[in-house]
Amino acid sequence: MIVAFKYSLLNNIPEFLIFALIMIQQLTPVPLHIMLILLLITGLLWGVYSIIFKRWFNQHPEYNPANRQLTKLGYVILALA
C-alpha cells in the first residue's frame with residue numbers, strides 16, 4: 001500500500017490552520033474582533049491556496065482528489081468510521 005504523505009499534507013493544510021485558530025481561541029483570551037480578523041485572513045489564504053494548487057493539480061494529476069477512487073475496503077472503513 002502506497003501512503004501519499006505529500007497528498008495528505010497538501011490536502012489538509014487549511015484544516016490544520018483552522019485547528020490552530022481554534023486552539024488559540026481556546027487557550028488564550030482573544031477578543032472576538034481579533035478572532036474574526038484571523039478567520040478572514042485564513043479565508044483569504046485558503047483562497048490563494050486553492051488557486052495555486054488548482055494549477056499544481058493540473059501538473060500533478062496523481063495528487064488531484066478528483067482522480068481518487070474509493071475501493072471496497074475504503075467503503076468498509078468509511079462505514080465503520
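Residues numbered from 1 in each chain as written. Predicted model: local features only at pLDDT ≥ 70, side-chain atom pairs only at ≥ 80, totals over all residues. Heavy atoms only, no water.

S.K.: Would you take a moment to explain the overall build of the chain for this structure?
M.R.: Of the regular secondary structure elements, the chain holds three helices and zero strands. Since a compact globule built from 81 residues should have a radius of gyration of about 12 Å, the 17 Å found for the chain marks it as more spread out than a globular shape. Projected onto the principal axes, the alpha-carbon positions of the chain cover approximately 45 × 35 × 15 Å. A buried classification covers 16% of the 81 residues belonging to the chain. (Helix = DSSP H or I, 4+ residues; strand = E, 2+ residues; numbered from the N terminus. Rg over C-alpha atoms; globule rule 2.2 N^0.38 Å. Buried < 20%, exposed > 50% of the residue type's maximum accessible area, 1.4 Å probe, protein only.)

S.K.: Got a minute to help me understand the nonpolar core in this structure?
M.R.: Grouped burial of nonpolar side chains is what soluble globular proteins tend to show. Judged by nonpolar contacts, Leu10, Tyr49, Phe53, Trp56, Phe57 and Tyr63 together constitute the single largest core of six residues. If one sorts the elements of this core by residue count, helix α2 (residues 32-59) sits on top with four residues. (Core = buried A, V, L, I, M, F, W, Y, C linked by side-chain atoms within 4.5 Å.)

S.K.: Sorry, what's going on with the environment of Leu70 here?
M.R.: With respect to the helices and strands, the residue Leu70 is situated in the loop between α2 and α3 (72-80). As for Leu70 and Leu21, which are separated by 49 residues in sequence, their C-alpha atoms are 31 Å apart. Aside from chain neighbours lying at most four places away, what touches Leu70 is Tyr75 and Leu78. (Contact = heavy atoms within 4.5 Å.)

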